[in-house]
Amino acid sequence: MFKRLARFILRREIKDYEDRIAYLKEDRDKDQKDLDTTLIKLNAQMNQTFNYQQQIDDLTKENTILKEYYHLDQEPTEEQQTKIRINLKIHELEMRLLQMSSFTSGIAAMSYNYNAMNAYSYRMWM
């Protein structure tokens, strides 16, 4: 009788341990999937960071070459500054001319429409 009771208790403990093992396996698998997902995201971020670093290095090299070639670190001479001012003034005048031409074309269109309406109304009165 004591043996039966001991077997019953042992079966129950074995069943509890098997259930616990199954639960721990499921938990481990879930954690493994989460880790895999996290590693994939981190790997993608590392690749993106590497690409950005490569772009930064390339642009830094290109910037250095352009500075040396065009002397961008030096102050422009008085002649160059005068040319820049003249070019800016020309650009400003060209923009004003475009605005004025669009304004005058708008007025011309309105005048044409006004004249057409007057001619139509004149014909209606006749």
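The residue numbering used here restarts from 1 in each chain and proceeds along that chain's sequence as written. Under the rules for a predicted model, residues below a pLDDT of 70 receive no local features and side-chain atom pairs below 80 are neither given nor counted, while totals for whole chains, interfaces and linings still include all residues. Hydrogens and water are ignored here; the side-chain numbers use all heavy atoms of the structure.

Enquirer: Got a minute to help me understand the pattern of salt bridges in this structure?
Expert: Oppositely charged side chains are able to pair whenever their charged atoms sit close together. Salt bridges are identified by distance alone: a Lys or Arg side-chain nitrogen within 4 Å of an Asp or Glu carboxyl oxygen. Evaluated as defined, the whole model comprises four salt bridges. A salt bridge links R28 to D29; the shortest N-O distance between them is 3.4 Å. Burial classification: accessible surface area is computed with a 1.4 Å probe over protein chains only, and a residue below 20% of its type maximum counts as buried, one above 50% as exposed, and the rest as partly exposed. You can call R28 exposed: its relative accessible area is 52%. The shortest N-O distance in the salt bridge between E79 and K83 comes to 3.5 Å. One end of the pair is E79 and the other is K83, both in helix α2 (residues 78-125) and four residues apart, which spans about a single turn. Each helix is a run of DSSP H or I of at least 4 residues and each strand a run of E of at least 2, with the numbering of both proceeding from the N terminus.

Enquirer: Sorry, what's going on with helix α1 (residues 2-70) here?
Expert: Think of an α-helix as 3.6 residues a turn; residues three or four steps apart then line up on the same face. An ideal rise of 1.5 Å per residue puts 102 Å on 69 residues; α1 measures up with 99 Å between its terminal C-alpha atoms. With its phi angle positive at about 55°, H71 sits one or two positions after the end of α1. What a helix is expected to span follows from its residue count: subtract one and scale by 1.5 Å.

Enquirer: What exactly am I supposed to notice about a negative patch on the surface here?
Expert: A contiguous patch of negative charge on the surface is contributed by E26, D27, D31, D34 and D36. With respect to the element layout, D27 can be found in helix α1. Here a patch means residues that are over 30% exposed by relative accessible area and free of salt bridges, tied together within 9 Å if like-charged and within 5 Å if nonpolar (Val, Leu, Ile, Met, Phe, Trp, Tyr). Here the accessible surface of atoms and residues is derived via Shrake-Rupley with a 1.4 Å probe, and residues count as covered only by protein chains that are part of the display. Just so you know, the count uses Lys and Arg for positive and Asp and Glu for negative, and it drops His and the chain ends. The atoms used to mark charge sites are NZ of Lys, CZ of Arg, CG of Asp and CD of Glu.

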